[in-house]
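Here is what each chain is made of, one letter per residue.
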Amino acid sequence: MKRLISAALGLALMAAPALADWAPDGPISLWIGFGAGGETDTLGRLLASEMSETTGWDIVVENRPGGGGMAMFTQLSVAEADGQTLGMGVTMPVLVNLTVRPDEVPFTLDSFDYLGTVALAQVGIIAPADAPYDTLSELVTWSQENGGALVGFDARPQELLMRFVDAETGAGFRLVSMESSAEGLQNVLGGHVQAAFTAGVHIPSMEAGDVKMIASANAQRHSYAPDVSTVQEQGYDIFVDPWFYVAAPAGLPEDAATALADAMRAALDSETMTEVIERTMNTEPGDAGPAETREMLDAGLENAARLFAN
Amino acid sequence: MPPLDIILAGFADALTLWGLLFVIVGVVIGQIVGAIPGIGPIMAMAIAIPFTFTLDPLFAISFLVGINKGGLFGAAVPAILMNTPGTPDAAATALDGYPLARSGKPYKALRIALFSSVTGDTASDIVLILAAAPLALLALQAGPVEVLALLIFAFAVVSGLVGRSLIKGLIATAAGLLLATVGLDPEQGSPRFDFGFFELYDGVSLVAVAVGMLAFAEILRRLALGWTAREVARPAAAPQTGGPADRRVSLAEYLSCWRELVRGALIGIGVGALPGLGSTAAAFMSYAATKKSDPGPVPWGQGNLRGIAATEAANSAVVGANLIPLLGIGIPGSIAAALLISAFMIHGIQPGPLLFETQARLIYGLFGAMLMANLCNLIVGQASLRLWAWVVRAPETLILPAALLACIVGVYLSSGGLFGVWIMLMAAVLSLVMTATGFPVIVFIIAFFLGERFERSLSQSLVILNGDPLALRDHPVALLLLVASGAVAVWMRR
Amino acid sequence: MRASKTPRASLQTEVTTTGMDRISGALVMAFALGLWVFVIPDQVDAADYGWMRPRTLPQILAVTLLVLGALLVLLPSRDRDATAAGPAVPVAIGAGLAGGGVLAMGLWGFALAAPALALAAAVFAGERRWPWLLATGIAVPAAIWALVTVFLGRPLP
């Protein structure tokens, strides 16, 4: 409590000049599209406290969970575009919903102005260390010979990726829905499934030699496992790239947009954030600015259309 | 186990003045927020995490552990004094705690809850310290099929336990499971029963339903009683009466609960070691087991000390045991454990199988802090129970509106807006209707809480078994649990 | 439910309690039917693959509720206690009051609605003494407001 009070006082006393001319009129709300305790929540809260520190703005974090960020972005799309309401979410659920049920989603990519990306979630496919297959292709063969391999997934795009591979190879995968990466890891370790998608939680077990990674599901290989090839490199033209990013309601005044994007960039480039993202996500902070983020989302929408085509 | 000198160094790191200070502050915050409906230790931990980034990792984690443990006892306070549990974990505690408090012994009820809570907590911490790694490996053997069987077993126990009509208990279970299907389905991620509200995509807020059905409904009922009675200046809770023997819990009384304490702690540890089952179910299963024994002079549900001991020992034991999968294999067993993981990770510590080798000193420091937090909980609790008992001596007409606002604000904050508050109101009305028509509310809530896990386990099991019931032969433990479920439902009714 | 252990109620109450159980059973059946016929087709997507489809569990539960509702109509219990939830009309008024308060909070914000709601609840519960009313109407909302916005740094409506 003491720390909370002193931090609150610290914020109130710090009226440092902002990076640009624009300054918020009162506290800025950063909405998190997920509940407390997840990766988005942790990243968002640290980003907010780092931005507060460098700019002196009062940034308040609010959790608005629901539908992988859909509830939050729906509310954000109709919030006032004065730069005092921002939202942080993950690309994949938004792109999936925009692809699958565009009529029901009350916003489009144009409903927002984008400030930039925060980080990329590195998604890998893992298997028990002693499994008789070392790559996704070998898992496909194993699956064909053993009446269908059980593969855990915890997000729709991962399921679609496997169905895509299944359609191309006739592997006969039996896909098991998991609540989280952690549950996927648990089932791989317990030998209940033959492989599973996980985002980061498997790294300690990999170092301990209990599991191995058979593919990176991203477009690139992972920084901590440069020897493991991607699904694309193994011959299946598909990937999932969930980016954490920050958006604001469309129609932000230009000076506000610039000031916010700069402030976010400065916070992300700080040693603290780089360190934290390295520790929690095993990757570097995202470096896409407003325009690149928008381009990336447009490209992501095309990729999502391909994922859902079959 | 690492060498003794590292273990001792770890404990020594924790047992410093600063370490003690952080633990105490954590426990105090935890006890306060735990007692306020809707806020609770989870939210306090989520808010505190960014502030702990600059702290030494051990202090940061000690502080969070302090909040978590303090919240355990905090939640029992309003359950006992006013029949309005701060979190559903404490709902079972109200069964015997509230009648005892109403009979003029609120101090006694609070003390036995505190002692049992600390006992269960310490027992599970000791198990964690001695056997985290092997237990975590054992828990890994429980796959989706075994978890599904265990959930069915829990439903059988709880619908058999509460209420007197099995049919009504089963209807409440089915309705609770149905409410849990609102939101994205676990298999294909398509929205169900959202009625056009995006807020429902993640399902109906657990906090809103729990606070609405348990606390808000009781507040509305009490307000209405006040309106009917038209007498002012009633205190919100019965004041302490009787001599010193009615205030304290003697060693003999504490020891007379030993069976409940041991059984509760064992049930809590078992449930806690398996990720995702939760302390509410543990508390009710422990109460169910206890209720089959001879109550002695005071019938169950009328202020029996052993009933309070059974539930508090069990729900507190879950918390230490939740760290078994976290420290053993890096998998969080609850939301609180997930928050602890993120605190570990922002300090660059990846929980996982190598933790005991790479971070042995820190882990033993954490164990030291946990034991210290239990002691602090005991001491701070002794002081805070006086404070709370004093607070609720204020007129009901002050406490009830204050609790009403606290529920609204707590749910507003934790479920992300007024939408959650409306859900809470609807849940309160449903709870009152169910009470008036004799359907067991708590059965509904437990089914609702475990519903998502149930559907997912069912889906996973069907894929793993390939839809073939005969494949269950490969899962003897699950088979045993399923048979036991039927037996226990019948047995509980006798 | 074993009748032997309950105190013997008058014949008339027994008839009405079992009657109430029959009515609740019928309502549960009606709800289950409505769920199956109208709500599930409208609110849950059908899917063409997988063991567990989005509709699987809701449909299982609808059937379960239908069967259990029928059982309750056939085998009503006598353990209902209509007073357990408090006096019906005042409770309904209280719930309406709370609903009005939440509505007001959405429209005019916490600072205006919370004191009004707290005050109304206190008067409703029978408080008539000015000092206590003031404490409930002003001090309590102010304390909660300070705790949340100042110490926790969270905004209120």
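Residues numbered from 1 in each chain as written. Chains lettered and ligands numbered in written order. Predicted model: local features only at pLDDT ≥ 70, side-chain atom pairs only at ≥ 80, totals over all residues.

Considerations on the overall build of chain C
Item 1. Across its full length, chain C holds 5 helices and 0 strands.
Item 2. If you list the helices and strands of chain C from N to C, you get α-α-α-α-α.
Item 3. Looking at chain C residue by residue over its 157 residues, the buried ones come to 32%.
Item 4. Long-range pairs, those at least 24 residues apart, make up 58% of the contacts in chain C with a sequence separation of at least 6. (Helix = DSSP H or I, 4+ residues; strand = E, 2+ residues; numbered from the N terminus. Buried ≥ 20, exposed ≤ 12 C-beta atoms within 10 Å, placed from the backbone. Contact = placed C-beta atoms within 7 Å.)

Observations regarding the interface of chain B and chain C
Item 1. Chain B puts 61 residues into the contact, and the matching count from chain C is 61 residues.
Item 2. For the side of chain B that touches chain C, the residue count by class is 39 nonpolar, 12 polar and 10 charged. (Nonpolar A, V, L, I, M, F, W, Y, C, P; charged D, E, K, R; others polar.)

Brief notes about the sheet that holds strand S4 (residues 112-120) of chain A
All names here are of chain A.
Item 1. Here 5 strands make up an open sheet; going across it, the order is S2-S1-S3-S10-S4 and the pairing mixed. Each edge of the open sheet carries a strand with a single partner, namely strand S2 (59-63) and S4. Pairwise comparison of adjacent strand axes, ignoring direction, gives a mean angle of 25° for this sheet.
Item 2. As paired strands, strand S1 (residues 28-32) and S2 are joined by 5 bridges and run parallel to one another. (Pairing = 2+ DSSP bridges. Axes fitted to C-alpha atoms, helices over the stretch in contact; angles between N-to-C directions.)

Some words on the environment of B:Leu130
Residue and element names in this part refer to chain B.
Item 1. The topology assignment puts Leu130 in helix H6 (residues 106-140).
Item 2. Classification of Leu130 by C-beta neighbours within 10 Å gives exposed; the count is 12.
Item 3. Put simply, Leu130 and Ile308 are 178 residues apart on the chain and 28 Å apart in space, counted from C-alpha to C-alpha.

Brief notes about the packing of helix H18 (residues 396-414) of chain B against helix H4 (residues 110-124) of chain C
Item 1. The interhelical angle for the contact between H18(B) and H4(C), taken along N-to-C directions, is 140°, at an axis separation of 9 Å. By the angle class used here, H18(B) and H4(C) are oblique. The way H18(B) lies across H4(C) gives a crossing that is right-handed. Residues B:Thr397, B:Leu398, B:Leu400, B:Pro401, B:Leu404 and B:Leu405 of H18(B) form the contact with H4(C), whose participating residues are C:Ala114, C:Leu117, C:Ala118, C:Ala121 and C:Ala122.
Item 2. Of the residues contributing to the contact of H18(B) with H4(C), the split by class is 10 nonpolar, 1 polar and no charged. (Parallel < 35°, antiparallel > 145°, perpendicular 65-115°, else oblique. Left-handed = near helix turned anticlockwise from the far one by under 90°.)

Section: the packing of helix H2 (residues 17-35) of chain B against helix H4 (residues 57-82) of chain B
Item 1. Two elements in contact, H2(B) and H4(B), have axes whose closest approach is 6 Å; the angle formed by their N-to-C orientations is 35°. Crossing hand, H2(B) versus H4(B): right-handed.

Thoughts on the environment of B:Ala132
Residues and elements named next belong to chain B.
Item 1. Relative to the helices and strands, Ala132 is located in helix H6.
Item 2. Taking the C-alpha atoms as reference points, Ala132 and Met43, separated by 89 residues in sequence, lie 27 Å from one another.
Item 3. If we skip the residues at most four places from it in the chain, Ala132 touches Ile324, Leu327 and Gly328.

Examining the pairing of strand S6 (residues 150-153) of chain A
Residue and element names in this part refer to chain A.
Item 1. Neither face of S6 is open: one carries Leu150 and Gly152, the other Val151 and Phe153, and all of them are buried.
Item 2. With 4 bridges joining them, S6 and strand S7 (residues 174-177) adopt parallel strand pairing. Paired with Phe153 across the strands is Ser177, a residue of S7.
Item 3. One crossover worth recording links S6 to the parallel S7 by way of helix H6 (residues 156-169), and it is right-handed.
Item 4. Where S6 and strand S8 (residues 195-198) come together, 2 bridges link them in parallel fashion. Paired with Gly152 across the bridge in S8 is Ala196. (Right-handed = clockwise from strand over helix to strand, strands pointing away.)

Side note on the environment of A:Val105
Residues and elements named next belong to chain A.
Item 1. Positionally, Val105 belongs in the loop between helix H4 (91-100) and S4.
Item 2. On the neighbour-count criterion, Val105 (19 C-beta atoms within 10 Å) is partly exposed.
Item 3. If we skip the residues at most four places from it in the chain, Val105 touches Asn97 and Leu98.

Read these as spatial facts, not as claims about activity.
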